[in-house]
Structures are given as structure tokens and as C-alpha cells.
Amino acid sequence: MLNTLWLIPIVPFAGFLLNGFFGKRAGKSFVTAVALAGSLGAALLGTWAVIEYNAHYHHGERHLNVVYNWFTSGNIGADIAFQLDPLSIIMLMVVTWVGFLIHLYSVGYMSHEEGYWRYFAYLNLFMAMMLILILGSSYLFMFVGWEGVGLCSYLLIGFYYDKDFAAAAGKKAFIVNRIGDFGFLVAMFLMFAYLGSVDFMKVQQAAMAGGVDSAIITAICLLLFLGATGKSAQIPLYVWLPDAMAGPTPVSALIHAATMVTAGVYMVARSNVLYRLSPIAMMVVALIGAATALFAATIGLRQNDIKKVLAYSTVSQLGFMFMGVGVGAFAAGVFHLVTHAFFKACLFLGSGSVIHAMSGEQDIRRMGGLWKKIPITAWTFLIATIAIAGFPPFAGFFSKDEILASAWSTHFFPGVGKLVYVLGTIAAFFTAFYMFRLFYLTFFGKFRGTHEQEHHVHESPATMTVPLIILAFLSIVGGFIGLPHVIGHNWLAEWMHPLIPDVEGHGPLHIAGVVEWTVMIVSALVALAGFLLARSLYRGRELAADESFERRSPAVARTLENKYYVDEFYGAAVVRPLAASSRFLWKVIDAIIDGIAAMLGFIVRGFGDLLRFFQTGNVRNYALMFFLGVVVFLFLLV
Amino acid sequence: MIPTEWFLVLSAILFAIGVCGVLTRRNGITIFMSIELMINAVNLTFVAYARLFGDLHGVMFVFFIMAIAAAEAAVGLAIFISLFHHRASIDVDEANLMHW
């Protein structure tokens, strides 16, 4: 299996082809079987490969499986090659198994939808592309998957293409991601030019060997991070992710929470050597991450669409991951990626189950009192909420705590590290608050929807609840793979250790025991404070709490509700000028160019009209002209 | 010996008759015959000069021209037969589909 790693992405790709070409006619059971086989096949093959890897390698070496030489031109070139190493393995396990659970969930969730086959074809294509992204052994091949998942994201956001807002949201996601991809591409060009390769290992070795201008390394890192801000929804390119909720809910869980959007974090962790050579770039990553974490968390406070709250929460949690990788705690960033995949997938799937029960209603102002009616959904949602809010010993606590402790004790930029820690802690407080606000408004109080909705509320079928239960279980125990040193064994950090070689004498971050304890206690208290505040406000008073806040500080409330008017700002600063200049080019410049072309045509036509008179169709006329021509010609000649 | 000029004058007269025939006649076959007349006027010029200069190249040329004229006549007649099939007439004034 190790030398046929390419089989892992091929399996779901085959599922995509089968469902894409034959799914419409073959019917629902065929589509279901193919889609589940595609994702489960990838998961099983991946697990098999990991087991074999563990038998062969004991020090986290990279296993390389070159399929063929993609291109070679002069000194540069790239291979179609897959790799397996500790980081790829973590991603592989998360993507394939969480992906499979969400496929399973989708069978129930999408069962009444038009275009069932189309949905599963895209979903399998997404799995294939995501696997290329995480198994590719060079930036270039990774970029293939990177673009592929972007395409699937676009297709699935716009799944309900007959709704204008869904189509527009898909386009927005695609275009915003293009801006980030520009950075990724230029970074690759710089790698080719200055480091001679785009293979992960070769880039790393070339950078560590020295001799490359540190400004170049910084430029590469910042450009790669620009790519990451697009894909992973960080300031300034986060705007597409909240809109992406127009897609079906399992898509939000799979692509826009658990897997694709974490690709940027994966990429930065993958490039940790480059980043550690450029502390400035790391500082940018950490600060952007912290700013995004706080910024998105504050927006989340006042959103009323259940999926929008979770979307801003995702943006915020991705900010935490970038804080982690930015301060040099690469294992911590990846750790949070893993736990986030569990609890955020659980939350999204739970919200899907709620929406399903509420006959498509997404506004939490019209929910309430669902606790008794859909108990499995409610319990799993509660567990995931506790996990994201950061209560020990749930998954989110340990990963968030490790990030915050690392930020406090980073040696790259100690002062800024403290600032990042403070921002992160405030964001963590808001996280606990808005998540419990969501929880109380959805599940407690009295039912605020219509009569028909109330009548129709029902628990989801087993294909939906089983993934929820599994993910909720993982949200409880997922944190134990990376316990703090003062409590136990940080298995994940040790597993990742071979990937983080000493750069300029520095290995992975070291966190002092005192700091670890302090940060843990503070985090737990902050989470508790957020929970208690939300409880006191929304338990019993429900919407009245929001309304009284609105009365007391209407400006703040409106700003948050309108997401700081960032979309409006982008519209005024970027979209409208661009549209205006396009219209200018279209109406004015194009008119000039077209005018010239049309004039040439007009002249030619005029001549043609003139010459047409000689085209009588009478053979003898032609002969006469011919003779006259010869006579004139001979006359001139003699 | 007959002077060369006489041949040339005769050739010019034959050529002029041919031109007149092509320009004035409507029947395709007649036009065709007129063209043959022009070709043979040229042939006559060739052999006249060949005799004058005692050079056999001119005579050789005439053989080639006669061979090609025969081939061309075959093609031309085929065109007229085809035209006749379509239109039941070989009047060239009626074959004016390319008219503007």
C-alpha cells in the first residue's frame, strides 16, 4: 500500500466519475452505494497505509511514492508524487474518517433533495482533491488539490443554483480565493527561482542550508500566508466563508469547517522551517490569527442565523490555529485543527439536524425549547459546545490552551506573544459566550416558531444521529492526544517532532510548567465566565436580553449585526471601482477598438460593392475584360 | 520561299477571328472552336519562327501545345455536356449563376 498511495485519492475520484456520469439515471441507491464506497474506501486504504507506515518507519521519516515525472525544464521540474509523514497522516486520518461520517450523514440529510447524485459526485470529488492536497509531496502538486477543493467548494456552495444568493456566494468564494491563490503562485515562482525546487523536503533543505536572502524567505512566507488567508478565511479575505453557508449544511461541516478551510494551517505547518527562518512573517501570521480570532468572535455575538454563528465561530477558531502556528507552536496549531474538526463538524451536523427538524428554519429567534424534542441532537450539540467553549477535559480545552500557553512563552517575539495571548483569551471568552447564547436560544425557553413547524419537529434518522454521536464522543476524548506536559504525555507533539527540525539552534517551543498551569486555570475560568454570562442572560429571558442590549447601545449592536460593514467597505473600495472600470473599458475603450475594426470592415465592403459591378456572370463579358486587360498590358510592355 | 511576314499576318488574322468568335458567339461549342482557332494561330507563329531561325524548339513546342489542346478540349466538352444536362442548353449567357 505504501507504494500505491495514489490509490487513496483515486478511489473517491472513481466515485465522482461513476456518480457524475451515471448517477442521474442509475437512481438513488446506486448513488448512495458509490458515494459511501468512495469515501469509506479512501478511509480504509488510508488507514492501511498508515499501519504499514508505522511498521516501516519509526522516526517520522517521509515516505515518498513518485508516480511519474510531471515535467522537467532545465533545472526545474516537478513530480506527481505522494508522501506520507506524521503531518500527512494526521490530516489523512481526520479528512477520510470525518469525511466518511459526513458522507453518511448526508445520506439522511439530502434524501429529499433534487440533484442527490450531483451532490454526492461533488462530495467525492472534494475528497479526492483534499487527499491530493494533503498527500502531495510538493507545493505544486499540493496546489493542484488546493485548486480542486476550491472548485468543489464553489460547486457545493452554489448547489442550490436556482437561488440567487447561493450562486452569488459561490462566485464570491471562488473570486476571493483567487486573490489568495495569486500569493501562493508567486510564492512558488520565488521558490523555483531562489530555492530551486518546490518539493517540500528540497525547499526545506535549501532554506536551511542558508545563502538565500532572508528578505526572499520572508516574501515567500508572506505570499504563502496570503494564500492561506484566502483558503482559511483570515483577515482580510475571510468574507467568503460566512456567505458559504448558502450551501447544504453537511458541506459547511465538511468543507467549510473540518477540512478544506484548515488547508492553510496545514500549509503553514508544512512550511514551518521557512517560517521559523523569518520571524517577521511568523509575527504577521500570529497577529492576523489573533485579530481574526477576536474580530470574528465579536461578530458571532450578534448573529441570528444558526449557521452564520457557526461560520464566524469557524473563522475565529481558524484564527486560533494561525495563532498557534504563528508563535511557533506548529504541533499546537495542528492539534487545534484536529479537535476543531471534531467539534465543529459535530456542531454543523447538529445544526443541520436542528434545521431538518425545524423544516428548514435557520433563524434561532424562531427556535427555542428543542431540548426535549430532539434529545440526541441536543446532547451532542451540548457536548460540542462545551468542547469549543474550552471546558476541561473536553477536546477544545487542551488544544486552545496549548496555543495560548505557547503564545505566552514564544521566544520569537516575546512582547507580541503576550499581546497575542491576551487577544486570544478575550476571543476565548467571547467564544464561550456566543456558543452558549446559541445553545440556550436554540434548545431552551419556549418554542418561538410557527404552529406547523412545532407540529413537525422530529428527531433525525439514524444515518444522521450516528455520525453526531461519534463526533460528540471524539469531541470529548479528542484532546487526550495532546495533554500538557504538566498533566501527562503530549503524544501529538512528539509525533510531530521529527517534522520540526532545529532551525538556527531552535527546536519546538518549550513551555514552563508554571505558565502551563496558570494558562490552564485562566482559560478554564474564562470559559466558565463566558458560560455563566450567557446563562444569566439567555436562560429564561431569551430574546429580551438581545433586545435590551440593542436599546442600551444601538450603535454597537448595529455594527456587530452588520459585521462591521466589512462587506459594504469591500463593495465600495474594491468591487464597485472594479465594476466601474470594467464598464468604462467595455463601453468606451471597447467601443474605440470595435470602431476601428468595424471601419476596416466598412472600407473593404465599400471596395467590394464597387468591384461587384464587374461581376456580371456573363462569360463573354469576362472574356472581353480579359482581352482588354491583355491589350493594355501588352501596350504598357511595348 | 514564302516570306515569314505572310505567315505572321495570317496568324494575326486567324487570332483576331478567334477573338471575335469568343466575344460575339453565345453557343459554347462555337466559343470553344474559336479558342481552338486562337491556339492554332499561335502554333502557326511558332512554326513560322522555327523555320526562320532553323531552330527545332519551336516545332517541339507546337507538338506539346497540340497535345495539351486535345486534353483541354476533352475537359471543355465534358463541362458543356454537364451544363447541357442541367440546363438543356449550352448558351453561355444563361449560365450566369455567379451573377451579383
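Residues numbered from 1 in each chain as written. Chains lettered and ligands numbered in written order. Predicted model: local features only at pLDDT ≥ 70, side-chain atom pairs only at ≥ 80, totals over all residues.

What follows deals with the overall build of chain A. Across its full length, chain A holds 26 helices and 2 strands. Projected onto its principal axes, the C-alpha coordinates of chain A cover approximately 115 × 70 × 50 Å. Looking at chain A as a whole, 53% of its 638 residues qualify as buried. A sequence separation of at least 24 residues applies to 80% of the contacts in chain A between residues at least 6 apart. (Helix = DSSP H or I, 4+ residues; strand = E, 2+ residues; numbered from the N terminus. Buried ≥ 20, exposed ≤ 12 C-beta atoms within 10 Å, placed from the backbone. Contact = placed C-beta atoms within 7 Å.)

What follows concerns the overall build of chain B. Broken down by element type, chain B carries 3 helices and 0 strands. The globule rule puts the C-alpha radius of gyration for 100 residues at 13 Å, and the 17 Å found for chain B is more than 25% above it. Counting all 100 residues of chain B, 12% fall into the buried class. (Rg over C-alpha atoms; globule rule 2.2 N^0.38 Å.)

To continue, consider the interface of chain B and chain A. Between chain B and chain A, the residue contacts involve 11 residues of the former and 10 residues of the latter. Among the residues forming the side of chain B that touches chain A, the class breakdown is 8 nonpolar, 2 polar and 1 charged. (Nonpolar A, V, L, I, M, F, W, Y, C, P; charged D, E, K, R; others polar.)

Let us look at the nonpolar core. Residues and elements named next belong to chain A. Judged by nonpolar contacts, the single largest core of 216 residues is most densely connected at Val334 and Ala345. Counting residues per element, this core draws most heavily on helix α4 (residues 116-135), at 18 residues. For Ala345, the contacting residues outside a window of four places in its chain are Val98, Ile102, Ala253, Ala257, Ala258 and Leu471. (Core = buried A, V, L, I, M, F, W, Y, C linked by C-beta atoms within 7 Å.)

With that out of the way, let us pick up the domain arrangement of chain A. What the domain assignment reports for chain A is domain 1 (299-561) and domain 2 (576-637). The C-alpha centroid of domain 2 of chain A is placed 71 Å from the C-alpha centroid of domain 1 of chain A. (Domains from an automatic or database assignment.)

Mean pLDDT for chain B: 90, with 98% of residues reaching 70 or above. In the predicted assembly, ipTM is 0.78 and pTM is 0.82. (pLDDT = per-residue confidence, 0-100.)

All names here are of chain A. Under the 1.5 Å per step criterion, the end-to-end length of helix α15 (residues 330-357) is 40 Å for 28 residues, consistent within 8% with the ideal 40 Å. Helix geometry: α15 is bent most strongly at His340, by close to 30°. With respect to burial, α15 is a largely interior element, 27 of its 28 residues being buried. Note on α15: the residue one or two positions beyond its end, Ser359, has a positive phi of about 55°. (Expected span 1.5 Å × (residues − 1). Bend = angle between axes of the 7 residues up to and from the residue.)

Before going further, it helps to spend a moment on the packing of helix α8 (residues 214-231) of chain A against helix α13 (residues 279-300) of chain A. Relative orientation and spacing of two packed helices are given, respectively, by the angle between their axes and the distance between those axes. Residues and elements named next belong to chain A. Running from N to C, α8 and α13 point in directions that differ by 20°, and their axes come no closer than 9 Å. Between α8 and α13, the angle falls in the class roughly parallel. The crossing of α8 and α13 is right-handed. Between α8 and α13, the contacting residues are Thr218, Cys221, Leu222, Phe225 and Thr229 on the first element and Ile280, Ala281, Val284, Val285 and Ile288 on the second. Residue composition of the contact of α8 with α13, grouped by class: 8 nonpolar, 2 polar and no charged. (Axes fitted to C-alpha atoms, helices over the stretch in contact; angles between N-to-C directions. Parallel < 35°, antiparallel > 145°, perpendicular 65-115°, else oblique. Left-handed = near helix turned anticlockwise from the far one by under 90°.)

All names here are of chain A. Compared with the 21 Å implied by 1.5 Å per residue over 15 residues, the 21 Å span of helix α16 (residues 375-389) between its first and last C-alpha is a close match. Counted residue by residue, α16 has 11 buried out of 15 residues, so it is predominantly covered. Within α16, the full set of buried residues consists of Thr377, Ala378, Thr380, Phe381, Ile383, Ala384, Thr385, Ile386, Ala387, Ile388 and Ala389. Just beyond α16, the residue with positive phi is Gly390, at close to 90°.

Looking now at the pairing of strand β2 (residues 76-84) of chain A. Residues and elements named next belong to chain A. Relative to β2, strand β1 (residues 63-73) runs antiparallel, the two being bridged by 9 bridges. Along β2, the bridge assignment pairs Val66 with Ala81. In textbook terms, the turn of a hairpin is the stretch between consecutive antiparallel strands, and for β1 and β2 this stretch comprises 2 residues, one of which, Gly74, has a positive phi near 60°. (Pairing = 2+ DSSP bridges.)

The next thing to look at is the packing of helix α10 (residues 249-258) of chain A against α15(A). All names here are of chain A. Between α10 and α15, whose axes approach to 8 Å, the crossing angle comes to 165°. The orientation of α10 relative to α15 falls into the category roughly antiparallel. Crossing of α10 over α15 shows right-handed handedness. Between α10 and α15, the residues in contact are Thr249, Pro250, Ser252, Ala253, Ala257 and Ala258 and Ala341, Lys344, Ala345, Phe348, Leu349, Ser351, Gly352 and Ile355, respectively. Residue composition of the contact of α10 with α15, grouped by class: 9 nonpolar, 4 polar and 1 charged.

What follows covers the confidence of the model for chain A. Counting all residues, the mean pLDDT for chain A is 91, and 100% of those residues have values of 70 or more. For chain A, helix α23 (residues 543-552) of chain A is the element with the lowest average pLDDT, namely 83, and α4(A) is the one with the highest, namely 95.

With respect to the helices, strands and loops of the structure, Thr425(A) is situated in helix α18 (residues 414-443). Along the primary structure Thr425(A) and Gly507(A) are separated by 82 residues, whereas in three dimensions their C-alpha atoms are 26 Å apart.

All names here are of chain A. Note the cis peptide between Ile235 and Pro236, where omega equals 5°. For Pro236, the location among the structural elements is in the loop between α8 and α9 (240-243). The residue after Pro392, namely Pro393, is reached through a cis peptide bond having omega 0°. Topologically, Pro393 is positioned in the loop between α16 and α17 (395-408). With phi around 55°, Ser359 is a residue other than glycine that occupies positive phi space.

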